[in-house]
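Remarks on the overall topology
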Amino acid sequence: MENLTVSIIIPSHNRSSSLRRALDALHLQTYPLDLIEVIVVADSCIDDTLAMLQDYKAPFKLQAIEVNCRSASIARNTGAASATGKLLLFLDDDIEALPPLVESHARVHRERPGAAVMGPYPPKLHGGTRFFDVEVRSWWEEKFYQMSQPGHRFTYQDLLSGNLSLDAELFGRLDGFDSAFGNCGGEDYEFGVRLLKAGVPFAVAGDAVGYHYEHETNNLDRSFRRSRQEGRSDVLIGRRHPELRPILQVAAYETAYSLVDKIVVAVTFFWPAAVDWLAQGLRESLDLLESLRMRGTWRWLRSKLRGYWYLRGVIDELKSRSAISSFMQGGPARAHLGGYEINIDLQQGWEAAESLLDAERPAGVYLYYDQLTVGHIIPQAGAEPLRGAHLRSILALHFAQPLAGAIAVNGLPRTAETLEDKPLVAFETYELAIKS
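Rules behind the numbers
Residues numbered from 1 in each chain as written. Predicted model: local features only at pLDDT ≥ 70, side-chain atom pairs only at ≥ 80, totals over all residues. Heavy atoms only, no water. Pairing = 2+ DSSP bridges. Helix = DSSP H or I, 4+ residues; strand = E, 2+ residues; numbered from the N terminus. Right-handed = clockwise from strand over helix to strand, strands pointing away. Contact = heavy atoms within 4.5 Å. Expected span 1.5 Å × (residues − 1). Axes fitted to C-alpha atoms, helices over the stretch in contact; angles between N-to-C directions. pLDDT = per-residue confidence, 0-100. Core = buried A, V, L, I, M, F, W, Y, C linked by side-chain atoms within 4.5 Å. Buried < 20%, exposed > 50% of the residue type's maximum accessible area, 1.4 Å probe, protein only. Salt bridge = Lys/Arg side-chain N within 4 Å of Asp/Glu carboxyl O. Phe/Tyr/Trp six-rings, centres within 6.5 Å; stacked < 30°, edge-to-face > 60°.

Here the focus is the pairing of strand β3 (residues 61-67). Where strand β2 (residues 36-43) lies against β3, seven bridges are found, and the strand directions are parallel. Directly across from Val38, in β3, lies its bridge partner Leu62. At this point the chain moves from β2, through helix α2 (residues 49-55), to the parallel β3, and the crossover so formed is right-handed.

Glancing now at the environment of Met147. Tracing the backbone shows Met147 in helix α5 (residues 131-148). Remark: the alpha-carbon pair of Met147 and Phe202, spanning 55 residues in sequence, is separated by 9.7 Å. Filtering out sequence-adjacent residues up to four positions away, Met147 remains in contact with Met118, His152, Phe154, Asp158, Leu160 and Val204.

When the terminal C-alpha atoms of helix α12 (residues 295-318) are compared, their 34 Å separation across 24 residues agrees well with the 34 Å that a helix rising 1.5 Å per residue should span. In the segment just after α12, Lys319 is the residue with positive phi, at about 75°.

Moving on, we get to the sheet that holds strand β6 (residues 116-118). The strand order β3-β2-β1-β4-β7-β6-β8 describes an open sheet built from seven strands, whose pairing is mixed. Two strands lie at the open edges of the sheet, namely β3 and β8 (202-204), each paired on one side alone. Going across the sheet, the axis of each strand differs from the next one's by a mean of 20°, ignoring polarity. In the packing of helix α7 (residues 187-197) onto the sheet, contacts are made with β6, β7 (163-167) and β8, and the angle to β8 comes to roughly 115°.

Moving on, we get to the confidence of the model for the chain. Scored by pLDDT, the chain has a mean of 90; 93% of the residues are at 70 or more. For residues 423-436, every residue scores under 50 in pLDDT, and the model assigns this stretch 32 contacts once sequence neighbours within four places are set aside.

If you look at the biggest cluster of nonpolar residues, it comprises 93 residues, and the most contacted ones within it are Ile8, Ile10, Val38, Phe90 and Leu195. A total of 10 residues in this core trace back to one element, the largest contributor, which is α12. Apart from the residues within four sequence positions on either side, Val38 is in contact with Ile8, Ile10, Leu23, Leu26, Phe60, Lys61, Leu62 and Gln63. Counting 18 residues, the second largest nonpolar core, distinct from the first, contains Ala353, Leu357, Leu403 and Ala406.

Turning our eyes to something else, we now look at the pattern of salt bridges. Under the counting rule described, the total for this entry stands at 27 salt bridges. The shortest N-O distance in the salt bridge between Arg130 and Asp287 comes to 3.7 Å. Linking Arg130 in the loop between β6 and α5 with Asp287 in helix α11 (residues 272-291), this pair joins segments that are 157 residues apart in sequence. Given a relative accessible area of 29%, Asp287 falls into the partly exposed group. For Arg194, the salt bridge identified is with Glu190, shortest N-O distance 2.9 Å. With Arg194 and Glu190 both in helix α7 and four residues apart, the pair spans about one turn of that helix. When sorted by exposure, Arg194 lands in the same class as Glu190, which is buried. Members of the salt-bridge network, linked through shared partners, are Arg130, Asp221, Arg283, Asp287 and Glu290.

An order of β10-β11-β12 is seen for the three strands of this open sheet, with the pairing classed as mixed. Each of the sheet's edge strands pairs with one partner strand only, and the pair in question is β10 (341-345) and β12 (372-377). Here the average twist between neighbouring strands, direction ignored, is 20°. Here five bridges tie strand β11 (residues 364-369) to β12, and the two strands are oriented antiparallel to one another. Residue pairing for β12: Val365 is matched across the bridge by Ile377.

Here we take up the packing of aromatic side chains. On inspection of all chains with the given rule, the structure shows 14 aromatic pairs. Judged by centre distance (4.9 Å) and plane angle (85°), the ring pair of Trp139 and Trp140 falls under edge-to-face. The exposure class assigned to Trp139 is partly exposed, which follows from its relative accessible area of 44%. Chaining the aromatic ring pairs together yields one cluster made of Phe90, Phe171, Phe177 and Phe191.

Next comes the structure, spelled out in structure tokens:
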């Protein structure tokens, strides 16, 4: 098959040294460089980014676009609008691509045409041992490990735009990233929702690795600012996709469970300036806790502070406690509505059940073992339809006990040789509870 032309789009804001490192790494790509174009979108840069780009000598086609929007979504859309490649590859400017990155993306697209493909970008090891560095590194490593598992069920929160490729035609057909998200982030998650609704499969290109130099710009204070942005962006996502409201973190602040959270929520609405001052003071105590090596208390307090700043972001958008209640009541009462469901008789064998899931791609499944009920895989808002690869891990994690009981009563599942010549399932279609 003919190699695809690839447009690499790199949005950047005042990080010329990181950008240069990202461009230098692309020199070493194993993919034909004459099939690669790189588009740098310099957003509101006041450092030497534009001068650096003007003098930069690249072995591939390099285009620089200057915008003044302070918005990752607009910057990425601007780059995509100027791209000529059949494949768009969005890459953050603080990622150092390993040589097979572009080739690996292109290979997965040949194997799975039409997919949205993510490459891992774990944090670059730099010897940092502070609690925050360890927490961040662990989160990213666990995230990419889970996404790479064959049985992983992708959700909209797996759409990570730091190392993402998809067809240019598909990106244009879905109108790209939502520019209304401005600089609050979350535009990638929202785009993930629309991709899943459009039936676009997600995939991971395991060899498309880039090292993320996040430690150069990320720190504890920035993480709290991001939490506030996440509060704002979750409200925007919930407005556009009401079926997701019950699973957004906003729901935790409509009816807070713990006494501490109830007090914080109540005081925040009446005296936000005072709580901001208290939160900033508690932020300083995190350094003291770390110096005393009190990791457990440090993690608890950081979690509470992140929750507080998330709530402040929600308030930025919704303004009042009654507005939060109205926001939540504007969505469905449960998070698992939507899609259709089927029945599966597991006694007909694992392979038969997996094949049926691959053929039907249901949102949920009623599981039986002959005449015995095993359980119900509930439709999950914001998740991809079920695939055969999901089945065994779901059974092991959630239905091991009833399944073992059913096998004890009715015997082992049938194999291909003993399979009865009868329909595998009684198929039922349910009306969509939520339509978009």
